[in-house]
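Observations on chain architecture
Single-letter residue listing:
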Amino acid sequence: MKGCYVGDQGLAAVGKCCKQLEYLNLRFCEGLTDVCVVELARGVGNSLKSLGITACAKITDTAMEAVGLHCKSLENLSLDAECIHNKGVVSVAQGCPALKSLKLQCINVTDEALTAVGTSCSSLEVLALYSFQKFTDK
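Residues numbered from 1 in each chain as written. Predicted model: local features only at pLDDT ≥ 70, side-chain atom pairs only at ≥ 80, totals over all residues. Heavy atoms only, no water.

Describing the overall build of the protein
The cut-off we apply is this: The helix and strand labels rest on DSSP assignments: H or I over at least four residues marks a helix, E over at least two residues marks a strand, and numbering proceeds from the N terminus. Here the globule rule is a power law, 2.2 Å times the number of residues to the power 0.38, and the radius of gyration is based on C-alpha atoms. Contact criterion: two residues are considered in contact whenever any of their non-hydrogen atoms come within 4.5 Å of each other. Per-residue and other accessible areas follow the Shrake-Rupley method at a 1.4 Å probe size, with only the shown protein chains counted as cover for residues.
Looking only at helices and strands, the protein features five helices and five strands. Sequence-ordered secondary structure for the protein, helices as α and strands as β, is α-β-α-β-α-β-α-β-α-β. A compact globule built from 138 residues should have a C-alpha radius of gyration of about 14 Å, and the protein, at 14 Å, falls within 12% of that. Summarising its shape, the C-alpha atoms of the protein cover approximately 45 × 30 × 20 Å along the three principal directions. Considering only residue pairs separated by 6 or more positions, the protein has 77% of its internal contacts joining residues 24 or more positions apart. Carbon and sulfur atoms make up 51% of the accessible area of the protein, which amounts to about 7,100 Å² in all.

Okay, here's the thing in structure tokens:
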């Protein structure tokens, strides 16, 4: 399946111009990097309520740290990304107190991230975990 043609510059422009953006779904945008997600998070800040990132191979924990720092009203997050680790998930869990739905398919996430979600996300209503190889009974 071919990815979209939106790059860092285009998505950063969305963040600068669409200050009331509430819902964003990024699927197969293979050219996007942390730079654009950081700029987007800074730009839309508290208006963003739902974010989906799927098969964006260059999106890492740095982007998720920016989401946790700037997107305090985020209610729904769906991540399907191999380059996201504990640091990124913990940043979102601790920085987004309004989070109600969290769907994770991140093979590099361990018990540490899930513990942070359990202790920090008191409003969580939906938790979906897919393809986890590093979780234990802990």
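Some thoughts on unusual backbone geometry
If you check the backbone angles, Phe28 has positive phi at about 55° while not being a glycine. Among the structural elements, Phe28 can be located in the loop between strand E1 (23–27) and helix H2 (34–44). Of note, the phi angle at Ala55 is positive, near 55°, even though the residue is not glycine. Looking at where Ala55 falls in the secondary structure, it is placed in the loop between strand E2 (50–54) and helix H3 (61–70).

Quick word on the nonpolar core
This is how it is decided: By nonpolar core we mean a set of buried residues, namely Ala, Val, Leu, Ile, Met, Phe, Trp, Tyr and Cys, connected to one another through side-chain atoms within 4.5 Å. We call a residue buried when its accessible area falls under 20% of the maximum for its residue type, exposed when it is over 50%, and partly exposed in between, using a 1.4 Å probe and counting protein chains only.
The biggest cluster of nonpolar side chains holds 41 residues, and the ones touching the most others in it are Ile59, Met64, Val67 and Leu74. Elements represented by at least two residues in this core include exactly E1, H2, E2, H3, strand E3 (76–80), helix H4 (86–95), strand E4 (101–105) and helix H5 (111–120). Among the elements that take part in this core, H2 stands out by supplying six residues, more than any other. For Met64, the contacting residues outside a window of four places in its chain are Ile53, Ile59, Leu79, Ile84, Gly88, Ser91 and Val92.

Considering the sheet that holds E3
Here is the rule we go by: The pairing criterion for strands is at least two bridges between them, as found by DSSP. Fitted lines through C-alpha atoms give the axes, limited to the stretch in contact for helices. The angle between two N-to-C directions lies from 0 to 180 degrees.
The strand order across the open sheet formed by five strands is E1-E2-E3-E4-E5, and the pairing between neighbours is parallel. Each edge of the open sheet carries a strand with a single partner, namely E1 and strand E5 (126–129). Here the strands of the sheet are splayed against their neighbours by 5° on average, with no regard to which way each runs. Pairing of E1 with E2, which is carried by five bridges, proceeds in the parallel orientation. Paired with Arg27 across the two strands is Thr54, which belongs to E2.

Brief notes about the state of the cysteines
Convention followed: Only a pair of cysteine sulfur atoms within 2.5 Å counts as a disulfide in this structure description.
In the structure shown here, the tally under the stated rule is zero disulfides. Residue Cys17 stays outside any disulfide, its sulfur separated by 6.1 Å from that of Cys18, the closest cysteine. In this structure Cys17 comes out as exposed when scored by relative accessible area, which is 63%. Considering cysteine sulfurs only, Cys29 is the nearest to Cys56, which forms no disulfide, with 5.0 Å between them.

These figures come from the coordinates and say nothing about function on their own.
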